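As a plain string of letters, each chain reads:
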Amino acid sequence: MKTLKFKNGDYMDAIGLGTWKSEKGEVANAVKIALNNGYKHIDCAATYGNEAEVGEAFDEVFGKGDIKREDLWITSKLWNNDHKKEDVIPALKQTLKDLQLEYLDLYLIHWPVAFKPDVSFPEKAEDFLSLEEVPLIETWKEMIKAKEQGLVKHIGVSNFSIEKLEELMNDTDHAPEMNQVELHPYLQQDKLLEFCSRNGINVTGYSPLGSGDRSDEMKADDEPSLLENPVINKIAKKHGASAGQILIKWSEQRGTAVIPKSTNEGRIKENLQSAGFQLDEDDLKQIADLDDHFRYVTGKFFEMEGNSYENIYND
Ligand code: A2P
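Residues numbered from 1 in each chain as written. Predicted model: local features only at pLDDT ≥ 70, side-chain atom pairs only at ≥ 80, totals over all residues. Heavy atoms only, no water.

Draft legend 1. Quick peek at the site of the ligand. Looking at the ligand, there are 16 residues lining it, with Ser211, Lys261, Ser262, Arg267 and Asn271 nearest. Between the ligand and the protein, one listed contact pairs a nitrogen atom with a side-chain N or O atom of Glu270 at 3.0 Å. Protein contact buries 84% of the 570 Å² of open area that the ligand shows by itself. Classifying every residue of the shell around the ligand by side-chain character gives four nonpolar, seven polar and five charged. (Near = heavy atom within 4 Å. Polar contact = N/O pair within 3.5 Å; in protein donor to acceptor, adjacent residues only side chain to side chain. Areas by Shrake-Rupley, 256 points an atom, 1.4 Å probe, with all protein chains shown as cover. Nonpolar A, V, L, I, M, F, W, Y, C, P; charged D, E, K, R; others polar.)

Following this line, the structure appears as structure tokens:
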């Protein structure tokens, strides 16, 4: 499998296990299956509400002794209600406690959006803090401190546009090492990828399979299906692979990391096996033609009349 390199020589496996939407009763089992079947990269976040269960799985697996913490890459993310400078490191410490870890490999600012500290998910405009009240740079400087304190090895962001990445890069001498964004054949993000590559920022793609298990409120009625796309299925048939494997392989072959979520044993194994074949030029050309800038995760749930957030992705 491909790996993504970092400036200090560290590297992460391109294919990791996603845990967004993994139910509490299922996520620990999914993480154990993944680790026992060769995954070395697990993607978590405080807001997924399941880090304590993921931590139980880590504790059990490390306790057996075959798999060592230092051989894994574990990512987590700072939630939007912990952007104030006094809240960043305590939130990170809570995540470390939940995950039963001494350090993270990568910690990300989850969104360029801030909520009031007591708001988990906003319902009205007053639940937000503006970026004038809590500038992203204030949060980023604390992320840098967390790295200096050895609580995390690498720091980055998620859902950041080029302009927002530039803000952090211009105002500190520590550029984000990762931008985790939605990425799949309907949203190929060539411009963002080119910018990140030019500036030494690695990219991880989320929702690589279209996140069909999102709640109904997060879905548009007329959403296109990635897994049922005829071009993807034709290419899958040609390689004797599944549609999911083609989507994962496409991300990996493009040089990004990819974090398909599954709690199903067969699909967890199948997704890692995507590393085992190559897409050819004709496949890549046909997939390139599928790009229509379509987002499954629109960010619209952060845009409310009377708050200062609109067009979060600047597109
Ligand atoms: P399950 O957890 O039952 O396997 P995404 O990673 O884009 O958020 O997509 C996750 C969704 O895709 C989940 O509903 C997950 O279901 C499903 N899924 C995961 N792997 C595969 C696969 N190889 N083929 C089809 N569906 C998959």
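Draft legend 2. Inspection of unusual backbone geometry at higher detail. The phi angle at Ser207 is positive, at roughly 50 degrees, despite the residue not being glycine. Relative to the elements of secondary structure, Ser207 occurs in the loop between β11 (202-206) and α7 (230-239). The backbone of Asn311 shows a phi angle near 45 degrees, a positive value even though the residue is not glycine. For Asn311, the location among the structural elements is in the segment after α10 (281-288). (Helix = DSSP H or I, 4+ residues; strand = E, 2+ residues; numbered from the N terminus.)

Draft legend 3. A look at the side chain of Thr172. One can find Thr172 in the loop between α5 (162-171) and β10 (178-182). On the basis of relative accessibility, which here comes to 14%, the residue Thr172 falls in the buried class. Separated by 3.5 Å, the side chains of Thr172 and Trp140 make a polar contact. Once residues lying within four places of it in the same chain are set aside, the contact partners of Thr172 are Ile137, Trp140, Lys141 and Ile144. (Buried < 20%, exposed > 50% of the residue type's maximum accessible area, 1.4 Å probe, protein only. Contact = heavy atoms within 4.5 Å.)

Draft legend 4. Representation of the pairing of strand β5 (residues 73-78) in the model. Extensive coverage of β5 is indicated by the burial of six of its six residues. In terms of strand pairing, strand β4 (residues 41-43) meets β5 through three bridges, oriented parallel. When the sheet's bridge partners are listed, Ile42 is paired in β5 with Ile74. Two elements, β5 and strand β6 (residues 104-109), share four bridges in a ladder whose sense is parallel. (Pairing = 2+ DSSP bridges.)

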